[in-house]
Amino acid sequence: MGKLISIYVDGKKYTVEEGKTIMQALDSIGYHIPRLCYHPKLSIEGACRVCIVEVEGIRNFVASCAYPVSEGMKIKTNTPELRRARRDIVELILDNHPMDCHTCDRNSNCELQRLAYSMGIKNRHFTGERKRYPKDISSVAVIRDPEKCVLCGRCVRVCSEIQGVFNLTYAYRGFKTVVTTAFDMPMAESVCSACGQCINVCPTAAFLERNYTQELFEKLQDPDLIKVVQFAPSVRASIGEAFNLPVGTSMEGQTVAALRKLGFDYVFDTQFGADMTIMEEASEFLERLKNNGKLPMITSCSAAWMKFMEHFYPEFIDNVSTCKSPMSMVGSLVKTYFAQKIKVPPEKILSVAVMCCTAKKYEAARPEQKINGLPTVDIVITTRELAWMIKSAGIDFINIQPEDFDSPLGISSGGGAIFGTTGGVMESAIRTAYELYTGEPLMEIEVNEVRGLKGIKEGSINLDGKTIRVAVAHGLGNASQLLELVKKEPDRYHFIEIMGCPGGCVGGGGQPYAGSNSIPLDEEILKKRAEALYGIDRRKTIRAAHNNPAVRRVYKEFLGNPLSQKAHEILHTHYSPRYPKGIIPKEMTIR
């Protein structure tokens, strides 16, 4: 803590830390100033002016998010003039906003709605021209609705400052100002990574995931289809938040039961796919290590990271593992191995995935993921979408009796569970690669060097006298920093894990919205979700992928061995340089 100073708030004296903004100082002593554009993880925008306060000696109202406290400062937070000014500001925003709260996806979880309620706004007083823009529904993952944008700039800042994608910016001026992509390209043709962090930080519904719930409800009623679903590790660690349960409550068995009540015939575990990924990925890494293959090898589980790499770092394509993600591995096995076991044509199977990630919608639509012309995953919904479906179907999620996954794709190791948090892929890979290389189990199975929320983590492991240097990055901005380091020092690492979202999958763009008393990207939320997954890992009898009997069974009955020709056909893929439409590749500056 820095130097302490005295300030006066509404006539009362308080001691606060020097160097803080007025808003930060007031937060620390129990005053919550209304805010809209402010976000503690992003730079100060000072655009909305909702957070204004009065400071003695300053003629105009002061934006508390940007103005620092000073010794003896006298602040007023709740005068009639302030309340009227804040109310007028929010009323002006509302009167340039669609009047569809009751049918809006963010109804009851909208920051603008909460502001209007807290300020006692009952009527719309201002009339006149309102901005009109069409929705951008070009993307299979992220929908942009400029009419609901309040110009807070959070999406612009998270896309540039946290993710390093710089896909969004302000265009035009004054009343016509809008947040859009470069050259006003459709989202599908832009450099959007489909990570969905813009959705997480948006206070309204200007950004949303593309919703497939109605299509799914219809297909669940089709008697000619075998309905198969899988869900990701982090879904079980976060879905309870949508039902007002404490953050970090694991709802694994309840989610299985709810999916069966929705109409699915088989419920499989994406964690099984994580174990399959580790068998292939660890084997691929050891093969590269032994045969002087391209190093450092970089993991390929994150769909947002894959698209980002194709846009901005195509020179690293040969470094990236060819393994499909756990979701796509399970989907591929459902349409091949499982279809053969139950003697059903793959086109008669509806393969659904519930993911924490909006980019998984994009991944499922990639042509490279198809097998025999069929998508391996037909529909991807997010954690948020599944929570809505459960509520819509009238399922008592809180009190439902937990159920177990179906076999054979429902058994997983603890290493599969930790895939949902940053460092988990690396830790699981180390557990298996060590034993495959040395023939001995890893004694210290919890690899603390790669755990935690530090942006870039480094570690090493000794393989029979050979030091293997590893690195982990989460969030695409940190990924850029790590890759720039690799450019300068190509031999610095042997193995790298990159996850597209802050915190890994637990911070995915499809996770439940932060509640009224929390904020998006909050580290405490990410830590609690991660701890739920580490808890599942610790409770598992089997904690490493190579010890999973279901995985061994699939190899014995169907694939042969890791990296076999059949394994490559079904469990591996490829990537290609990707450029925005209309930009000539050789003229494009690649960072």
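Structural notes, computed from the coordinates. The shown structure was predicted, so the numbers you read here are calculated from the model rather than taken from an experiment.

1. Quick word on the sheet that holds strand S4 (residues 62-63)
The mixed open sheet is built from 5 strands, whose spatial order is S2-S1-S5-S3-S4. Here the strands that pair on one side only, and so sit at the sheet edges, are strand S2 (12-17) and S4. Of the strands in this sheet, strand S3 (52-55) and strand S5 (74-76) touch helix H2 (residues 80-94), which is tilted by about 155 degrees from S3.

2. Some details on the sheet that holds strand S17 (residues 495-499)
As summarised here, the arrangement of the 4 strands in space is S12-S17-S16-S15, forming an open sheet in which the pairing is mixed. The sheet is open, and its two edges are formed by strand S12 (297-298) and strand S15 (456-463), each paired on a single side. Taken together, the 2 bridges between S12 and S17 define a ladder with parallel strand orientation. Within the sheet, the bridge partner assigned to Met297 lies in S17 and is Phe495. Contacts between helix H15 (residues 424-438) and the sheet are confined to S15, strand S16 (466-474) and S17, with S17 contributing the most and set at about 155 degrees to the helix. Along the sheet, helix H16 (residues 476-488) contacts S12, S15, S16 and S17; its crossing angle with S16, the most-contacted strand, is approximately 145 degrees.

3. Re the layout of surface pockets
Within this model, the largest pocket holds a volume of roughly 1,200 Å³. Taken together, 40 residues form the lining of the largest pocket, with Asp105, Arg106, Asn109, Arg384 and Tyr513 sitting closest to its centre. Elements with a contribution of two residues or more to the lining of the largest pocket: strand S9 (207-209), helix H6 (213-219) and helix H13 (383-392). For the lining of the largest pocket, the leading source of residues is H13, giving 5 residues. Elements with a contribution of two residues or more to the lining of the second largest pocket: helix H1 (22-28), H2 and helix H3 (111-118). Here the element with the most residues in the lining of the second largest pocket is H3; it accounts for 5 residues. Class assignment of the residues belonging to the lining of the second largest pocket gives a composition of 12 nonpolar, 12 polar and 9 charged.

4. Overview of the pattern of salt bridges
Within this structure, the stated rule accounts for 36 salt bridges. The closest approach of N and O atoms between Arg130 and Glu147, which form a salt bridge, is 3.4 Å. Note that Arg130 is positioned in the loop between H3 and strand S6 (142-144) and Glu147 in the loop between S6 and helix H4 (154-162), a separation of 17 residues in sequence. Given the relative accessible area of 17%, Arg130 is considered buried. Owing to a relative accessible area of 16%, Glu147 belongs among the buried residues under this scheme. The salt bridge partner of Lys487 is Glu484, with a shortest N-O separation of 3.6 Å.

5. Things to note about the environment of Asn462
Along the chain, the position of Asn462 falls in strand S15. Linking Asn462 and Pro549, residues 87 residues apart in sequence, is a C-alpha distance of 27 Å.

6. Focus: empty space enclosed by the protein
Scanning all chains against the criterion turns up 6 cavities of 30 Å³ or more. By volume, the largest cavity amounts to about 250 Å³. Along the walls of the largest cavity sit 23 residues, with Cys301, Cys356, Lys360, Met499 and Cys505 positioned nearest its centre. Sorting the residues of the lining of the largest cavity by element identifies helix H9 (270-290), helix H10 (303-312) and helix H11 (326-341) as the ones contributing at least two each. Counted by class, the lining of the largest cavity contains 16 nonpolar, 6 polar and 1 charged residues. Of the voids in this model, the second largest cavity is the one considered here, and its volume is about 140 Å³.

7. Regarding the packing of H10 against H16
Where H10 meets H16, the closest approach of the two axes is 11 Å, and the angle between their N-to-C directions is 50 degrees. Classified by the interaxial angle, the pair formed by H10 and H16 is oblique. Read as a crossing pair, H10 and H16 show a hand that is right-handed. Contacts between H10 and H16 involve Ala304, Trp305 and Phe308 from the former and Leu476, Ser480 and Leu483 from the latter. Here the contact of H10 with H16 is composed, by residue class, of 5 nonpolar, 1 polar and no charged.

8. A look at the packing of aromatic side chains
In total, this model carries 12 aromatic pairs according to the counting rule given. With centroids separated by 4.7 Å and ring planes inclined at 10 degrees, the aromatic side chains of Phe285 and Phe495 adopt a geometry described as stacked. Here the residue Phe285 occupies a position in helix H9, and Phe495 occupies one in strand S17, the gap between them amounting to 210 residues. According to the relative accessible area criterion, Phe285 is buried, its value standing at 2%.

Parameters and conventions
Residues numbered from 1 in each chain as written. Predicted model: local features only at pLDDT ≥ 70, side-chain atom pairs only at ≥ 80, totals over all residues. Heavy atoms only, no water. Pairing = 2+ DSSP bridges. Helix = DSSP H or I, 4+ residues; strand = E, 2+ residues; numbered from the N terminus. Contact = heavy atoms within 4.5 Å. Axes fitted to C-alpha atoms, helices over the stretch in contact; angles between N-to-C directions. 1 Å grid on protein atoms, 1.4 Å probe; cavity = no way out; pocket = protein on both sides within 12 Å on 5 of 7 lines; lining within 4 Å. Points joined across faces, edges and corners; volume = space filled by probe spheres on them. Nonpolar A, V, L, I, M, F, W, Y, C, P; charged D, E, K, R; others polar. Salt bridge = Lys/Arg side-chain N within 4 Å of Asp/Glu carboxyl O. Buried < 20%, exposed > 50% of the residue type's maximum accessible area, 1.4 Å probe, protein only. Parallel < 35°, antiparallel > 145°, perpendicular 65-115°, else oblique. Left-handed = near helix turned anticlockwise from the far one by under 90°. Phe/Tyr/Trp six-rings, centres within 6.5 Å; stacked < 30°, edge-to-face > 60°.

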